[in-house]
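Chain and residue survey
Below, each chain spelled out in residue letters.
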Amino acid sequence: MIHNDTFLRALRREPTPYTPIWLMRQAGRYLPEYNATRTQAGSFMALAGNPALATEVTLQPLARFPLDAAILFSDILTIPDAMGLGLSFAENEGPRFAKTTRDEAAINAIAVPDMAKLRYVFDAVAQIKRALKGSVPLIGFAGSPFTLACYMIEGGASPGFANVRRMAHARPDLLHRLVATNALAVTAYLNEQIAAGADAVMIFDTWGGLLNHDAFQRMSLATMRDVVAGLATASDGSTIPSIVFVKGGGAWLTQIAGIGASAVGLDWTVDMAAARRGVGSRVALQGNLDPEVLMTDRDTVVREASKVLHAAGPAPGHIFNLGHGIVPGTPPENVAALVEAVHRISRETRAPP
Ligand code: CP3
């Protein structure tokens with residue numbers, strides 16, 4: 001039993017007394033207590049790799065704000081790390097892989113990793129579940145097969161992932177081989193998180209929006225459809241709700257809404273009202289406040305949050321979130337103001353006249 005299941009109800013497009021809210025990267029560097037735990041751990045991977053510390057940082061934002069869901073503290077790049085690519089995070093530099101998969105030999109050498117190598121992630125899910133004591137649902141997550149391929153090919157962050165886009169055009173067979181293997185790995189990984197207790201799962205396609213129309217369909221959308229189709233059901237036979245987020249995917253919303261996920265995450269460029277008209281009542285929608293709004297002031301936060309709520313409209317099936325992760329440097333008091341405003345305004349909107 002989950003005490004506050006507003007988030008799960010909204011994912012099923014059932015009426016809720018208010019709009020649930022959680023925030024991408026809600027555990028992270030904008031919180032001083034996160035920075036303290038990270039320093040104690042020594043590195044990001046030491047933090048994510050230690051289930052007790054991962055539990056501690058997962059709960060930090062929930063201790064401050066009445067958020068309606070927790071998200072596993074981990075990273076999407078744990079899978080390529082378990083594939084043997086050697087992940088590290090240099091201070092303020094983003095992810096780095098010791099090895100890349102840029103040619104045919106390297107791609108042929110990639111296989112679905114033994115899930116035992118990712119045991120620390122599933123242990124963290126189980127430990128977080130126990131620590132939550134049924135207060136709010138726990139979201140598990142993975143990167144999309146294509147977004148993982150972006151980091152595997154480039155070896156780290158890249159402004160436009162040029163090598164990936166070149167491969168999509170020159171050697172689509174190779175890129176497809178890589179994303180197909182990734183899809184099997186992501187499916188197994190999410191199913192282990194579900195077995196360990198995740199109440200919902202989210203797929204982050206951070207870089208799908210870089211692809212042209214055809215390549216997006218083949219390399220990203222189709223492989224995410226395979227992942228969603230392969231998700232395990234709960235012990236009572238019900239489907240585990242899933243959320244698909246494609247940053248820059250505004251042009252393909254109706255297609256993304258058709259892959260079988262419960263919800264579609266929207267970035268801030270999308271008009272929520274138009275998105276709802278486009279997808280009808282097929283899926284829940286999650287989003288989509290520009291994270292930079294949280295870098296302004298309280299009045300702006302409340303006004304802009306209200307605009308998103310009104311664009312989402314009165315129909316059930318909206319989960320409030322940002323259009324991308326919280327920016328480090330965000331004042332925590334602005335996050336508090338946002339959560340309070342979303343709960344208050346959405347309650348008022350639902351109250352009978
Ligand atoms: O609170 C949460 O949302 C859960 C934790 C979470 C992290 N990464 C922790 C993290 C989640 C859901 C992610 C997903 C993730 N990781 C994505 C998809 C979402 C997105 O942001 O587009 C991507 C692309 C990554 C890969 C990644 N991890 C990058 C590019 C970076 C460096 C950039 C940055 O923000 O620092 C990371 C590191 C990372 N993952 C941090 C956190 C809190 C910061 C690292 C640190 O503490 O030093």
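Residues numbered from 1 in each chain as written. Predicted model: local features only at pLDDT ≥ 70, side-chain atom pairs only at ≥ 80, totals over all residues. Heavy atoms only, no water.

Here we take up the nonpolar core. In this structure, Phe7 and Leu338 are the most contacted members of the largest nonpolar core, which totals 129 residues. For this core, the element with the highest residue contribution is helix α10 (residues 172-196), accounting for 10 residues. Residues in contact with Leu338, not counting those within four places in the same chain, are Ile21, Leu23, Leu289, Leu294, Val301, Ala305, Phe320 and Leu322. (Core = buried A, V, L, I, M, F, W, Y, C linked by side-chain atoms within 4.5 Å. Buried < 20%, exposed > 50% of the residue type's maximum accessible area, 1.4 Å probe, protein only. Helix = DSSP H or I, 4+ residues; strand = E, 2+ residues; numbered from the N terminus. Contact = heavy atoms within 4.5 Å.)

Applying the stated criterion across every chain yields a total of 13 salt bridges. With a shortest N-O distance of 3.3 Å, Glu104 and Arg177 are connected by a salt bridge. Of this pair, Glu104 sits in helix α6 (residues 104-108) while Arg177 is found in helix α10, placing the two residues 73 residues apart along the sequence. Judged by relative accessible area, which is 33%, Glu104 ranks as partly exposed. By relative accessible area, Arg177 is classed as partly exposed at 32%. (Salt bridge = Lys/Arg side-chain N within 4 Å of Asp/Glu carboxyl O.)

With that settled, the discussion passes to empty space enclosed by the protein. Enumeration over the complete set of coordinates arrives at 1 cavity of 30 Å³ or more. Its boundaries defined by the atoms lining it, the largest cavity holds a volume of some 40 Å³. Every residue along the wall of the largest cavity is listed here: Met272, Arg276, Leu285, Ala312, Ala315, Pro316, Gly317 and His318. Split into classes, the residues belonging to the lining of the largest cavity amount to 5 nonpolar, 2 polar and 1 charged. (1 Å grid on protein atoms, 1.4 Å probe; cavity = no way out; pocket = protein on both sides within 12 Å on 5 of 7 lines; lining within 4 Å. Points joined across faces, edges and corners; volume = space filled by probe spheres on them. Nonpolar A, V, L, I, M, F, W, Y, C, P; charged D, E, K, R; others polar.)

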